[in-house]
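Below, each chain spelled out in residue letters.
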Amino acid sequence: MIDLFGYGAFFLSMALTYAIICLGLNVQWGQTGLFNVGVAGFVAIGAYASALLTTPDTPDRLGGFGLPIVAGWIGAALAAGIASFLVGALTVRLRADYLAIATFGVAVMVQLCLLNLQGLTGGPFGIGFIPRPFAATATNPALFAALNLALLLAVVAALYLGLERLLRSPWGRVLRAIREDETAARALGKNADRFRLQAFAIGGAIMGLAGAAQGHFIGFIAPENYQPMLTFQVWAMLIAGGSGNNRGAILGAIVVWGLWAFSAPAIAALFPPDQQARAAALRIVLIGVGLCAILLIRPRGLLGETRTVSRHLPKAKPKP
Amino acid sequence: MSPQILVDGLIAGSMIGLGAIGVTLTYSILRFANFAHGDYLAWGAYFALALSGALGSLAGGALAAPIGPFSFGWSLPLAALAATALTAGLALLVDALLFGPLRRRGSSVIILVMASFGAALTLRSLLEFTFTSKPFYYTGELQIAVRFAGMRATPDQLLSLAVALVLVILVHLLLTRTAIGREMRAVAENPGLAGVAGVDVRRVVRTVWALGAVLACMAGVMAGLLIQIRPQMGLDLLLPLFAAAILGGIGSVPGAMLAGLIVGVGEAATVAVVGAQWRAAVAFVILVAILLLRPQGLFGRSDG
């Protein structure tokens, strides 16, 4: 019984860290229409920033500074937010897909730095002994798992409420106006590039926070966690859940993470032990086909975007 | 810069250039950045690998014996030729299943980019599923480098460079001197107007995919011959391809080739000066520099 609870809590906690990334991506893509192909890179920046700030001093690498976990999380959001701001500033005024290419480049670059800047990132072996929240309760696994789950639930809830409020604020309305009809928004005197840049930086900061939350939850990070595959999973989650809808982003994260986690033993069972690498590749094929199928068959996802105008108006009707 | 860096860079750059031509053509005519292009390159290399293996075993040793100074027998060029057709078929199939329906629905550019991202991961993982992630080689022969004026290059490398240059000239002539080339440029300019003027836009789209895929396949075979064949080879080349396409100016074939050579030489210089582990950073640095300084590229027009 305890095991089942432990597994359930672990599964949900991981899904919630993905939900945070999804919420960040939803600010960039769902609300603003900015395509980020480098999600993994921004998540990695957050994870490493927080790990550097909070791990105890390590002789052969810069830091760690042994700061409290909260400081690490704030640092993570700041670092990833600044990185997003710089990438956005470079590309936001150019064609839409230049941003996609530039963010893809960022992910490649971050991966390269993680592997090669050993004095900062620990190289291919990554960073271990990242302090875990509520470490004092670790002797009681059930309590420890429950507290961690509660913490992540609180983070997701706080982000959800904050983002929903933002969505219904004048700022959120401008973002959607720009996404739907940039010319009209410009004609009303809105500086489209500046709003886009703000949204991109906020989304990036949330991704960095998610990276930190994930790193502290697992206690260990390495470059191989931040491959293009991660970007792809998060996209599948957001598209499946319904881009533009924050509840959809959270639901998509849990559903896709569930499919991903439970498809592993199912597919592995179909292959003999020496063919397991193939089984892993097949799982990625299934997710890729799934993403393309959703784009073709049900582009609005499980929960589509609901039309929101202002929080002062009565509940709006769903989009036709 | 030592002349050897130049030679190494030009050889690597000619492969990047061939791939970048495909990216720049699909970008200018279909109007989206195709993230699956690198994987067409990888599929081309694997098609040629499978076919040349089959040819070699069918014809006994006759086709496997090395031709002249090169490391491969006749089975490879024959297989490469057939592989270009298969890669073109693959690109047309992906278009028919994925991009075509999305285009007809009037999906925004960015949905197409996202779909191509999904297609890229699917194609790459299918290769890994079929061939595993183990690297393959077309041939086990060793080659002695030829020396000239203080530089070294293997006959295979020199042949690749020559083939790449011939292909670029052919594509340039195709675009500037033939009816279909003129139609392609018309569609790149304005698809609606081109359609009204009697251009069969769908035929142009098919031609662009086939042409891009043929060049990608050739680049993939060269990369496989000179380096190795891995499922990840397309992913590793993707950023250099995009950097070259943007540096050359979207839509410009000579620009893409020239920019490919620049990226290649930049990579070779970085490997020599900074270290091989930073090779992949070159494309990113070039990309950032060009977006900052001249977003329309060397030969592009500034249209935002």
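Parameters and conventions
Residues numbered from 1 in each chain as written. Chains lettered and ligands numbered in written order. Predicted model: local features only at pLDDT ≥ 70, side-chain atom pairs only at ≥ 80, totals over all residues. Heavy atoms only, no water. Helix = DSSP H or I, 4+ residues; strand = E, 2+ residues; numbered from the N terminus. Rg over C-alpha atoms; globule rule 2.2 N^0.38 Å. Buried < 20%, exposed > 50% of the residue type's maximum accessible area, 1.4 Å probe, protein only. Contact = heavy atoms within 4.5 Å. UniProt positions renumbered as here; feature names shortened; annotations may be inferred. Buried area = accessible area lost by both parts, 1.4 Å probe. Salt bridge = Lys/Arg side-chain N within 4 Å of Asp/Glu carboxyl O. Polar contact = N/O pair within 3.5 Å; in protein donor to acceptor, adjacent residues only side chain to side chain. Nonpolar A, V, L, I, M, F, W, Y, C, P; charged D, E, K, R; others polar. 1 Å grid on protein atoms, 1.4 Å probe; cavity = no way out; pocket = protein on both sides within 12 Å on 5 of 7 lines; lining within 4 Å. Points joined across faces, edges and corners; volume = space filled by probe spheres on them. Expected span 1.5 Å × (residues − 1). Core = buried A, V, L, I, M, F, W, Y, C linked by side-chain atoms within 4.5 Å. Phe/Tyr/Trp six-rings, centres within 6.5 Å; stacked < 30°, edge-to-face > 60°. Lys NZ or Arg CZ within 6 Å of the ring centre and 35° of its normal.

Novice: Kindly report on the overall build of chain A, identifying the contributing residues and their values.
Specialist: Assigned secondary structure in chain A consists of twelve helices and zero strands. Listing the helices and strands of chain A from first to last along the sequence gives α-α-α-α-α-α-α-α-α-α-α-α. Scaling as 2.2 N^0.38, a compact globule of 320 residues should have a C-alpha radius of gyration of about 20 Å, and chain A matches this with 20 Å. With respect to the three principal axes, the spread of C-alpha positions in chain A is 60 × 45 × 35 Å. Buried positions account for 55% of the 320 residues belonging to chain A. A fraction of 76% describes how many contacts in chain A between residues 6 or more apart in sequence connect residues 24 or more apart.

Novice: Lay out the UniProt feature "transmembrane region" (unreviewed entry) in chain A with the relevant residues and their values.
Specialist: All names here are of chain A. With numbering matched to this structure, UniProt assigns "transmembrane region" (unreviewed entry) to residues 6-27, 34-53, 65-87, 99-121, 141-163, 199-220, 249-271 and 277-297. With 83% helix and 0% strand, the stretch residues 65-87 has end C-alpha atoms that lie 28 Å from each other. With 100% helix and 0% strand, residues 277-297 has end C-alpha atoms that lie 30 Å from one another.

Novice: Break down the environment of alanine 187 of chain A for me, with residues and values.
Specialist: All names here are of chain A. Along the chain, the position of alanine 187 falls in helix H8 (residues 182-187). For alanine 187, a relative accessible area of 67% translates into the label exposed. Residues alanine 187 and leucine 153, spaced 34 residues apart in sequence, show a C-alpha to C-alpha distance of 41 Å.

Novice: Lay out the interface of chain A and chain B in plain terms, naming residues and giving numbers.
Specialist: Facing the 42 residues of chain A at the interface are 46 residues of chain B. Interface of chain A and chain B: buried area, both sides summed, is about 3,900 Å²; carbon and sulfur atoms make up 80% of it. For the chain A face of the interface with chain B, the top three residues by lost area are Ile101, Phe104 and Leu296 of chain A, together amounting to 16%. One can count zero salt bridges joining chain A with chain B. Summed over the shared surface of chain A and chain B, the result is seven residue pairs in polar contact (both at pLDDT 80 or more). Those elements that provide at least two residues to the side of chain A that touches chain B are helix H3 (69-91), helix H4 (96-116), helix H10 (228-241) and helix H12 (276-297) of chain A. The dominant element in the side of chain A that touches chain B, judged by the number of residues it contributes, is H4 of chain A, at 14 residues. Partitioning the side of chain A that touches chain B into residue classes produces 33 nonpolar, five polar and four charged.

Novice: Just give me the short version of the layout of surface pockets, but keep the residues and values in it.
Specialist: Of the pockets and cavities examined, the largest pocket occupies roughly 1,200 Å³. Contributing to the lining of the largest pocket are 41 residues, with Arg230, Asp236, Leu237, Arg279 and Ala280 of chain B lying nearest its centre. Of all the secondary structure elements, the ones that give two or more residues to the lining of the largest pocket are H4 and H10 of chain A together with helix H1 (3-30), helix H8 (201-226), helix H9 (233-248) and helix H10 (253-273) of chain B. When the residues that make up the lining of the largest pocket are grouped by side-chain class, the tally is 28 nonpolar, seven polar and six charged. Of the pockets and cavities examined, the second largest pocket occupies roughly 1,100 Å³. Along the wall of the second largest pocket there are 37 residues; nearest its centre are Trp29 and Arg179 of chain A together with Ser108, Ile110 and Ile111 of chain B. Elements that contribute at least two residues to the lining of the second largest pocket include exactly helix H1 (2-30), H4, helix H7 (170-180), H8 and helix H9 (192-218) of chain A together with helix H4 (109-131) of chain B. Counted by class, the lining of the second largest pocket contains 16 nonpolar, nine polar and twelve charged residues.

Novice: Pulling in residues and values, what's your account of H3 of chain A?
Specialist: Relative to the 33 Å expected for 23 residues at 1.5 Å per residue, H3 of chain A spans 33 Å between its end C-alpha atoms, a close match to the ideal helical length. Within H3 of chain A, burial applies to Gly72, Trp73, Gly75, Ala76, Ala80, Gly81, Ala83, Ser84, Val87, Gly88, Leu90 and Thr91 of chain A. On its buried face, H3 of chain A is in contact with helix H2 (39-54), H4, helix H6 (141-167) and H9 of chain A together with helix H11 (281-293) of chain B.

Novice: Residues and numbers for the nonpolar core, please.
Specialist: Nonpolar side chains in soluble globular proteins tend to be buried together. If you look at the biggest cluster of nonpolar residues, it comprises 195 residues, and the most contacted ones within it are Tyr226 of chain A together with Phe35 of chain B. Considering each element in turn, this core owes the most residues, 15 residues, to H8 of chain B. Dropping the residues within four chain positions of it, phenylalanine 35 of chain B is found in contact with Val37, Ala100, Ile101 and Phe104 of chain A together with Val113, Ser116, Phe117, Ala120, Leu238 and Phe242 of chain B. Counting five residues, the second largest nonpolar core, distinct from the first, contains Val7, Ile11, Met151 and Ala153 of chain B.

Novice: How would you sum up unusual backbone geometry? Please name residues and give values.
Specialist: All names here are of chain B. If you check the backbone angles, arginine 31 has positive phi at about 65° while not being a glycine. Inspection of the secondary structure assignment puts arginine 31 in the loop between H1 and helix H2 (37-58). On the basis of relative accessible area, arginine 31 is assigned to the partly exposed category, the value being 36%.

Novice: Got a sec to walk through the pattern of salt bridges? Specific residues and values, please.
Specialist: Residue and element names in this part refer to chain B. Here the structure, examined in full by the defined rule, presents eleven salt bridges over all chains. A salt bridge links aspartate 39 to arginine 124; the nearest nitrogen and oxygen atoms lie 3.2 Å apart. Of this pair, aspartate 39 sits in helix H2 while arginine 124 sits in helix H4, placing them 85 residues apart in sequence. As far as burial versus exposure is concerned, aspartate 39 and arginine 124 are alike and both buried. A salt bridge links glutamate 183 to arginine 203; the shortest N-O distance between them is 3.1 Å. Remark: arginine 203 occurs in helix H8 and glutamate 183 occurs in helix H6 (residues 179-189); sequence separation between them is 20 residues.

Novice: Go over the packing of aromatic side chains, please, and point to the residues and values.
Specialist: In total, this model carries 22 aromatic pairs over all chains according to the counting rule given. For the pair phenylalanine 271 of chain A and phenylalanine 129 of chain B, a centre-to-centre distance of 5.9 Å together with 90° between the ring planes defines the contact as edge-to-face. Here the residue phenylalanine 271 of chain A occupies a position in the loop between helix H11 (246-270) and H12, and phenylalanine 129 of chain B occupies one in helix H4, the pair thus bridging two chains. Residues phenylalanine 99 of chain B and tryptophan 209 of chain B carry aromatic rings whose centres are separated by 5.5 Å and whose planes lie at 10° to one another, so their mutual orientation is stacked. With phenylalanine 99 of chain B in helix H3 (residues 75-104) and tryptophan 209 of chain B in helix H8, the pair connects residues that are 110 residues apart, well separated along the chain. You can call tryptophan 209 of chain B buried: its relative accessible area is 2%. In this arrangement the basic side chain of arginine 132 of chain A is found over the ring face of phenylalanine 217 of chain A, its NZ or CZ atom lying 5.8 Å from the centre.

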